[in-house]
Amino acid sequence: MSSPTAPSALSLSLSRHANGATPRALHSQSPTLAQITEQPQYFDSLADTEQAISTVDHHSVDRTLLSTSNIRSEVSRFASSPATENTPLLPPPLNGSLTSINGHGSKHSKSSKQLGRTVLKSLPAVLLGTLLNILDGVSYGMIIFPAFGVFAGLGGMGVSMFFVSTVVAQLVYCLGGSSFAGANGSMMIEVVPFFHILAATIAREIGDEYPKEIIATTIAAYALSSVLTGLTFFLLGYLRLGVLIGFFPRHILVGCIGGVGIFLILTGLTVSTRLPSDALDPPTLETLRYFLLNTHALAQWVPPLVLAVLLRVITMRWKHQLVFPIYFMIIPAAFYVVVAAARLDLGALRRDGWLFDAAEGAGGAEDRWYGFYSYLDLGLIKFAPIWTTLPIQFALLFFNILHPPLNVPALSVSLDEDIDTNKELVGHGYSNLLAGFLGTVPNYLVYVNTLLFYRVGGGTRTAGFLLAVATFILLILGTWPIAYIPVMVVSALIFVLGLDLVKEALWDTRNRVSRMEYITIISIMVTMTAWDFVIGVLFGIVVSCFFFVVQNSQRRSIRACYAGDSAISTVRRPAAHRAYIREVSKQTRVLRLQGFLFFGTIAHVEETLRNIVEGAAWQRNPVRFVVVDLSLVVGVDMSAAEAFVRVQRLLAAKGVVLVFCGVTPDSTCGKALSSVGVLQESFVEVFETLNDAMEWTENAYLRAWFRAQKSWTTPISLPGRRDTKLSFDESLTGSPRQMQLRDVGERTIAGENSSEPYNTLLNAFSSYHDVDQNTFRQIAPYFERFTFPEGFVLWENNDTSDGLYIIESGVLRASYKFAEHSPVIEESMVSGTLAGEISALSNMPRNARVVVEQQVVLWKLSLEHMRQLETEHPHLAQTFVQLVLKSAKVDTDILLAALATR
């Protein structure tokens, strides 16, 4: 009996789910089953099941009835199990009390009614899917075997193999092998050209005098292709490598598709005129003359071609999914209307090539769907020819594995369903392995058929199962009806697919690919048509590799080339030292490389390096260091590595040091350079970062000056870490490079005295302002002298500032961490530089961690003494603050510039 009140929201949701409604259909209710299953916490957030039920429905009658303990457990279990495409064909039955509550009778009657409704709703989709399978089976099953030699008359057997593979795929997909509830499986029709090559090769290897052995071996080779395809699909899905297939060059696949399209057009011509399938392999002048000048041949192939073109014109105007099947139902009907009106003899039409031969419809010698198994005698199989055809098998496998990873994501987008490609590949693996063990051809999920199946109401597993049953019934009926199918129907279908594939390859890609890619597509199609499909695939790969080299050779591997004064290291140095380095670093040339260095790109790099030390550039600006930054280089091939050997010899002859940075001995680039011995040569240095390399060159410049003067005892480099054993001539005279070092040193460094802390203050500030030396003498009493050992932590990040420091001797190491995702930036501070000045002047926390790297002597201006200086000598304090800010600005600019060059 019906309830006196309206059904509750939960009851409606459960009822809709039981009726097979999709989550999309349930979206309009509140709360819906889809919302409940997507948000299990919906019930968990409530105090108890009673509260959950009362929340779903506020009608007292339903709330009271649903409060029973049995219904509570069912509701909790059902709500916690999300409904997906993997949900069984029939939902799990609820307790009988629930069905009686909603007035639907017993659970058995309800299940039967629901199943009946589902079947009725699925009938249009099943009929459409069956019709599509008939059309595909008759069209492409007929040409699985070539129509010449011992294979003549095996078209019906090919149709049987088509339907066996299709039934296997359909059953695997609808029983859970695919996440698409209404997935349509079918034989892989695009690989028919490879089947012909397999058959022809086997026939040639065995000899025409052994027809049974040829047919048995050919069927075994077809089955082997299914096994290899299934095993590959399964491994790709199981290892979750399906996404890698998408990285294969798309234009090569498009070229292969275009080649298959041309093959199908040529096959349509031979099928229409009833010529052997190899009559146009390749086309000859005599054959072309027959097709163009013979009246009977023109009458046979022109109408199906016109019908195919007319269908595409119609579908451009009307895009309804039923146009295609209805169109091909009208053609045979019109054919037999004409035959009946003209009272034509079917036997005469069959002899003239308008109908298929009865022998072809009988599947060869047998008139049963399983007739092809009678040929599959294990004792007749020759394994040597199968071994010979392995290259063809691998080419076929390559073509097979590219389709599902492209079709499945496209179908997922079209149906707006989130699908795991790897799971679909596993399902394809099972279906193809099963097909191979059953002795038939490969199969896959058909994008177009599945999309049409969904659009006419076939988006359930029940519909998919019914389609498998209908296809199996067609298989049981046998292939005898083929003898009554007009040849033009099959030819028109073959022409339709062939024209579509050629259009996809040539017309649809004309504005989407580059000129070189388009040439590759055309060359693959021409090669496949004129020679062989396997050769066409290999030729396409070779052409793509060639164009890849050409295209990448045009890309410059040199990211930047500049003088060393634009890449000063992050080491804080005295102002005089920094002024000296900025000028002499013009003798350093930095070359930043990127990408992969191979024989196509290294030529420009080698030419650039040669130009640095040759010709007018060398006369204008002779260099001492050439820094090659490889931090953005992903790899170096042998040709590129050997080019660096040639460059190193040229640079060493000029006395120029080749400095590699951005590379370690264990990295890919480091191993490549080590393999040719360039890193072990003289006048070659290697560093991990550009900053390390620039610091090393700066230390070399400073050491050259102070060794010549023999008057400097304070360390200017970092011993043990970035020290250099490179020695320039003791006398800085004689060459343009040495004369420049001497001149710059005399203008920037010479004349420093040794009184402390006056000398330290002078080193730090004298280059920033023309200040009276007495100014530094007046500031000196406010500083305190401190000595800290190696490893002492001067301060941590975010510590409270206690003043600023000026380094008399030793080295400090600052570590900056600007963001969580950014790497730590390190900065060295040597004698004559400031530390902690920004945080001291701003009275803000420290922004770095500072450690004593080498025992230091520091002069500290504490915050208290800074305030005392401001009180006692305001003008002097103002001058000092300006000097500190100028020094801080220069240090910050250099740090930012160093970061920008990373």
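Provided above is the structure to which this section pertains.
Residues numbered from 1 in each chain as written. Predicted model: local features only at pLDDT ≥ 70, side-chain atom pairs only at ≥ 80, totals over all residues. Heavy atoms only, no water.

Colleague: Please clarify how the overall build of the protein chain should be interpreted in this entry.
Modeller: Across its full length, the protein chain holds 39 helices and 13 strands. When contacts within the protein chain are restricted to residue pairs at least 6 apart in sequence, those whose partners lie at least 24 apart make up 78%. Counting every atom, the protein chain has about 40,500 Å² of accessible surface; 60% of that belongs to carbon and sulfur. (Helix = DSSP H or I, 4+ residues; strand = E, 2+ residues; numbered from the N terminus. Contact = heavy atoms within 4.5 Å. Areas by Shrake-Rupley, 256 points an atom, 1.4 Å probe, with all protein chains shown as cover.)

Colleague: Mind showing me how you'd approach the packing of helix 15 (residues 295-317) against helix 16 (residues 323-342) here?
Modeller: Helix packing geometry: the angle between the two helix axes and the distance between the axes. Between helix 15 and helix 16, whose axes approach to 11 Å, the crossing angle comes to 145°. Seen along the crossing, helix 15 lies across helix 16 with a hand that is right-handed. The segment helix 15 lies against helix 16, with Leu-307, Leu-310, Leu-311, Ile-314 and Thr-315 engaging Val-323, Phe-324, Tyr-327, Phe-328 and Ile-331. (Axes fitted to C-alpha atoms, helices over the stretch in contact; angles between N-to-C directions. Left-handed = near helix turned anticlockwise from the far one by under 90°.)

Colleague: When you look at helix 28 (residues 575-584) in this model, what are you seeing that I'm missing?
Modeller: Each α-helix turn comprises 3.6 residues. Residues three or four places apart therefore point the same way. Within helix 28, 7 of the 10 residues are buried, which leaves it mostly tucked inside the rest of the structure. Among the residues making up helix 28, those that are buried are Ala-575, Ala-576, His-577, Arg-578, Tyr-580, Ile-581 and Val-584. (Buried < 20%, exposed > 50% of the residue type's maximum accessible area, 1.4 Å probe, protein only.)

Colleague: Sorry if this is basic, but what is going on with the pairing of strand 5 (residues 625-636) here?
Modeller: In summary, the side chains of a regular strand alternate between the two faces of the sheet. With respect to burial, strand 5 is a largely interior element, 9 of its 12 residues being buried. With 5 bridges joining them, strand 5 and strand 6 (residues 657-661) adopt parallel strand pairing. Pairing of Val-627 across the sheet is with Val-659, part of strand 6. Handedness of the crossover joining strand 5 and strand 6 through helix 31 (residues 638-653): right-handed. (Pairing = 2+ DSSP bridges. Right-handed = clockwise from strand over helix to strand, strands pointing away.)

Colleague: Please explain the packing of helix 10 (residues 192-206) against helix 20 (residues 390-401) as it appears in this structure.
Modeller: Running from amino to carboxyl end, helix 10 crosses helix 20 at an angle of 170°, the nearest separation of the two axes being 10 Å. Taken together, the axes of helix 10 and helix 20 are roughly antiparallel relative to one another. Every residue of helix 20 that contacts helix 10 at Phe-194, Phe-195, Ile-197, Leu-198 and Thr-201 is listed here: Ile-392, Gln-393, Ala-395, Leu-396 and Phe-399. The class makeup of the residues in the contact of helix 10 with helix 20 is 8 nonpolar, 2 polar and no charged. (Parallel < 35°, antiparallel > 145°, perpendicular 65-115°, else oblique. Nonpolar A, V, L, I, M, F, W, Y, C, P; charged D, E, K, R; others polar.)

Colleague: Explain the environment of Val-663 here, please?
Modeller: One can find Val-663 in the loop between strand 6 and helix 32 (668-675). Taking the C-alpha atoms as reference, Val-663 lies 7.5 Å from Thr-689; in sequence the two are 26 residues apart. Discounting chain neighbours no more than four positions away, the residues touching Val-663 are Leu-630, Cys-669, Gly-670, Val-686, Phe-687 and Glu-688.

Colleague: Even after reading the chapter, I still don't get a nonpolar patch on the surface, so can you show me in this structure?
Modeller: A cluster of nonpolar side chains, Leu-171, Leu-175, Phe-465, Val-469, Ile-473 and Leu-477, forms an exposed patch at the surface whose accessible area comes to about 520 Å². Those elements that place two or more of their residues in the nonpolar patch are helix 9 (155-177) and helix 24 (461-477). Residue position: Leu-175 is located in helix 9. (Patch = residues over 30% accessible without salt bridge, like charges linked within 9 Å, V, L, I, M, F, W, Y side chains within 5 Å. Salt bridge = Lys/Arg side-chain N within 4 Å of Asp/Glu carboxyl O.)

Colleague: What exactly am I supposed to notice about the pattern of salt bridges here?
Modeller: Side-chain pairing between opposite charges can occur once the charged atoms of the two side chains come close. One pass over the structure, following the stated rule, counts 17 salt bridges. Note that Arg-572 and Asp-891 form a salt bridge whose closest N and O atoms lie 4.0 Å from each other. A residue pair is termed long-range when its members are at least 10 positions apart, and Arg-572 in the loop between strand 3 (558-563) and helix 28 and Asp-891 in helix 39 (residues 874-900) qualify at 319 residues. With respect to class, Arg-572 is no different from Asp-891; both count as buried. Of the charged contacts, one joins Arg-846 and Asp-802 as a salt bridge, the two residues approaching to 2.8 Å between their closest N and O atoms.

Colleague: Got a minute to help me understand the sheet that holds strand 6 in this structure?
Modeller: Note on sheets: strands pair through backbone hydrogen bonds, and any given pair is parallel or antiparallel. On the basis of which strands lie adjacent, the open sheet formed by 5 strands has the order 3-4-5-6-7 and mixed pairing. Looking at strand neighbours, the two that pair on one side only are strand 3 and strand 7 (684-687), the edges of this open sheet. Neighbour to neighbour, the strand axes of the sheet diverge by 15° on average, direction disregarded. Strands in contact with helix 29 (residues 602-612) are strand 3, strand 4 (588-597) and strand 5; relative to strand 4, the strand with the most contacts, it is inclined by about 175°. This element, helix 32, spans strand 5 and strand 6 of the sheet and lies at about 115° to strand 5.

Colleague: What is the right way to read the environment of Ala-575 from this model?
Modeller: Along the chain, Ala-575 turns up in helix 28. We classify Ala-575 as buried; its relative accessible area is 5%. Separated by 312 residues in the primary sequence, Ala-575 and Ser-887 have C-alpha atoms spaced 8.0 Å apart.

Colleague: What am I meant to see in the packing of aromatic side chains here?
Modeller: Here the structure, examined in full by the defined rule, presents 21 aromatic pairs. Members of the aromatic cluster, joined through ring pairs, are Phe-145, Phe-151, Phe-195 and Tyr-222. Lying over the aromatic face of Trp-618, Lys-654 brings its terminal NZ or CZ to 5.5 Å of the ring centre. Between Arg-846 and the ring centre of Trp-795, over which it is positioned, the NZ or CZ distance is 3.9 Å. (Phe/Tyr/Trp six-rings, centres within 6.5 Å; stacked < 30°, edge-to-face > 60°. Lys NZ or Arg CZ within 6 Å of the ring centre and 35° of its normal.)

Colleague: In this structure, what is going on with the environment of Gln-773? I would like to understand it.
Modeller: With respect to the secondary-structure elements, Gln-773 resides in helix 36 (residues 773-779). The class of Gln-773 is partly exposed, set by a relative accessible area of 41%. Taking C-alpha positions, Gln-773 is 8.7 Å from Tyr-758, a pair spaced 15 residues apart along the chain.

Colleague: Help me understand helix 16 in this model?
Modeller: Across its 20 residues, helix 16 extends 28 Å between first and last C-alpha, which sits within 8% of the 28 Å expected from 1.5 Å per residue. Every buried residue of helix 16 is listed here: Val-323, Pro-325, Tyr-327, Phe-328, Ile-331, Phe-335 and Val-339. Two residues or fewer past helix 16, Arg-343 is found with a positive phi of approximately 55°. (Expected span 1.5 Å × (residues − 1).)

Colleague: What am I meant to see in the nonpolar core here?
Modeller: Across soluble globular proteins, nonpolar side chains show a tendency to be buried alongside one another. Judged by nonpolar contacts, the single largest core of 92 residues is most densely connected at Phe-145, Phe-151, Met-157, Phe-195, Tyr-222, Leu-264 and Phe-328. Examining the composition of this core, we find that 11 residues originate from one element, helix 25 (residues 487-507), more than from any other. With 34 residues, the next largest nonpolar core counts Val-628, Val-636, Ala-641 and Leu-651 among its residues. (Core = buried A, V, L, I, M, F, W, Y, C linked by side-chain atoms within 4.5 Å.)

Colleague: Would you mind showing me how to read unusual backbone geometry here?
Modeller: Most peptide bonds adopt trans geometry, and most residues besides glycine take a negative phi value. For Asn-798, which is not glycine, the phi torsion reads 75° and is therefore positive. Position of Asn-798 among the secondary structure elements: in the loop between strand 9 (793-795) and strand 10 (803-816). Overall, the relative accessible area of 57% leaves Asn-798 in the exposed class.

Colleague: Any chance you could explain the side chain of Arg-592 here in plain terms?
Modeller: Along the chain, the position of Arg-592 falls in strand 4. What makes Arg-592 buried here is its relative accessible area of 6%. At 2.9 Å, the side chain of Arg-592 forms a polar contact with the side chain of Asp-629. (Polar contact = N/O pair within 3.5 Å; in protein donor to acceptor, adjacent residues only side chain to side chain.)

Functional significance is not addressed by these values, which are geometric in nature.
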